[in-house]
Amino acid sequence: MKRRLTILIFFSLTISLDSKGDEFPWVQQILFQDTITWIVTNEGLYKIIQKKNRVIQWTKELNSASNIYIDSKNTIWVTDFGNGIYINKSDKWTLIQNDTVKHIYNIYEYDANIYALASLNNEMRYLRWDNGKWKEITTFNPPNQNGKERAYGLVVNRNGIYSANSFYDDSKRDWIDNFYRFDFEKWHMLKQGVKNFYFDKKNNIWMFFFGFHSDKIEVNNAIVKIPHGELIQHYDVDRNGTPWILTKNGLFFSYSNNQWIKRNDVINPVQNSSLKFWVKNEKELWVGGYAYVAYFLNNQWVELSFLTPQPDHEEPEDESDADQSKSITENYKWGVINAVDGYSNLRKSPDSKSEVIAKILTNFKFKYYEDNKTDWWKVETERGTTGYIHKSRITAL
């Protein structure tokens, strides 16, 4: 039976949290650490090891995760909203579970201290990791929000704690986005309508207002015009502190010398409103969405198969019942990759020099069509991506 995929609109962490237990994984965050790529989905945390742009291996590290942060000591902090927080030191995961850390949104490091933004008893709470325990710094409870909140960002510096939050105002029956600063004595509302923010290396505040056709960017309250005719879908910041945006039209832009520079001519083949993106470097971009991960390198898109929805094993039609007028290639079988290096390239044409359009990892099922007239067999992933793989790399189920 063919499954139907429903594409949903993704804007905030809390929307994705409601999707825990969905049949298919949804990418929430991607983080790069040397040769490791960490991918957070509503179905758990995945670890991909790459060398020279080749996938070496992948593992599922945790069965549930919401956000990941790596501090200056290479300690890995993974929040599991509604459950607790995982800490990884020396490749060993430890889960902390108590009311204080049950609903953590964000982690941030400043001056060798680890801070967290959490929700408890209808209040936003700001915490600091102190000798193996979380210590509360301050709480925040705007009027009329009735315990319904979302958190988009957290930054701590010498001037205070900065946070972009969205609260549901019962009196207005609507979500209100605001940008706040705590100066270590009291809270100040800095700006309304801010969806997210960050500080660049010169300590300028970049504020992003996007969604519902009201896209805008401000730097220290001065407007930065977005590219003409574009609407912001998602943004990221590279390791140099340069802002990047993904637009609704599937184009990537980086901002340099007071102008936007277009970074891609080839649009992602599954471009839709669910995609978010992350910058690995100036030449490599990653996108993630509903049951989908791909990266853009050398002016082409390559899809990774490990998040592809996995079907229940079903046998092809029995030949005695099939229409005898069909060719043998129309009777598909289920297979997996036979490869010691952990993956096989799915190529656009039946040729070893043809463009790679996806990488299918081991243990993930796909349809293939035998053809005795060629060594390159047609393959179709569950997403519907079709291409060719050499028959020696395919093992029947």
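In this text the structure is predicted, and so the values were computed from the model without any measurement.

### Some words on the pairing of strand β18 (residues 205–209)
Burial of β18 is extensive: five of the five residues sit out of reach of the surface. Judged by which residues are buried, β18 turns out to be covered on both faces: Ile205, Met207 and Phe209 on one side and Trp206 and Phe208 on the other are all buried. What sits between the antiparallel neighbours strand β17 (residues 196–199) and β18 is a turn of five residues, in which Asn203 has the positive phi angle 70°. Bridge analysis of β18 against strand β19 (residues 216–219) gives four bridges, and the strand direction is antiparallel.

### Overview of the sheet that holds strand β21 (residues 232–237)
Strand order across the open sheet formed by four strands is β21-β22-β23-β24, with antiparallel pairing between neighbours. Edge positions in the sheet fall to β21 and β24 (259–262), since each has one partner strand and no second. Across the sheet, the mean angle separating the axes of adjacent strands is 30° when strand polarity is ignored. By the bridge criterion, three bridges tie strand β22 (residues 243–247) to strand β23 (residues 252–256) in an arrangement that is antiparallel. Within β23, the position partnered with Leu246 by the bridge is Phe252.

### Notes on unusual backbone geometry
With phi around 75°, Phe184 is a residue other than glycine that occupies positive phi space. Of note, Phe184 is situated in the loop between β15 (174–182) and β16 (187–192). Since its relative accessible area comes to 44%, Phe184 is described here as partly exposed.

### Quick look at the sheet that holds β18
In spatial order, the strands read β17-β18-β19-β20; together these four strands make up an open sheet with antiparallel pairing. Of all the strands in the sheet, the pair left with one neighbour each is β17 and β20 (222–224). Averaged over all pairs of adjacent strands, the angle between their axes in this sheet comes to 25°, without regard to strand direction.

### Digging into the side chain of Asn268
On the secondary structure map, Asn268 appears in the loop between β24 and β25 (276–281). Residue Asn268 is classed as buried on the basis of its relative accessible area, which comes to 5%. Of the polar contacts made by the side chain of Asn268, one reaches the side chain of Tyr292; its length is 3.2 Å. If near-sequence neighbours (up to four positions away) are discounted, Asn268 is found in contact with Leu275, Val287, Tyr292, Ala294 and Trp301.

### A word on the nonpolar core
Nonpolar side chains in soluble globular proteins generally cluster together in the buried interior. Counting 17 residues, the largest nonpolar core has Ile30, Ile39, Trp286 and Leu304 as its most contacted members. Elements that contribute at least two residues to this core include exactly β1 (27–33), β3 (44–51), β27 (292–297), β28 (300–304) and β31 (356–361).

### So, the packing of aromatic side chains
Tallying each qualifying case throughout the model produces 34 aromatic pairs. Geometrically, the ring pair formed by Phe197 and Phe199 is edge-to-face, given 6.4 Å between the ring centres and 85° between the ring planes. In terms of burial, Phe197 and Phe199 fall into one category: buried. The residue whose ring lies beneath Lys216 is Phe209, and the NZ or CZ to ring-centre distance is 4.6 Å. Stacked on the ring of Tyr369, the Lys or Arg Lys378 has its end atom at 5.7 Å from the ring centre.

Parameters at a glance
- Residues numbered from 1 in each chain as written.
- Predicted model: local features only at pLDDT ≥ 70, side-chain atom pairs only at ≥ 80, totals over all residues.
- Heavy atoms only, no water.
- Buried < 20%, exposed > 50% of the residue type's maximum accessible area, 1.4 Å probe, protein only.
- Helix = DSSP H or I, 4+ residues; strand = E, 2+ residues; numbered from the N terminus.
- Pairing = 2+ DSSP bridges.
- Axes fitted to C-alpha atoms, helices over the stretch in contact; angles between N-to-C directions.
- Polar contact = N/O pair within 3.5 Å; in protein donor to acceptor, adjacent residues only side chain to side chain.
- Contact = heavy atoms within 4.5 Å.
- Core = buried A, V, L, I, M, F, W, Y, C linked by side-chain atoms within 4.5 Å.
- Phe/Tyr/Trp six-rings, centres within 6.5 Å; stacked < 30°, edge-to-face > 60°.
- Lys NZ or Arg CZ within 6 Å of the ring centre and 35° of its normal.

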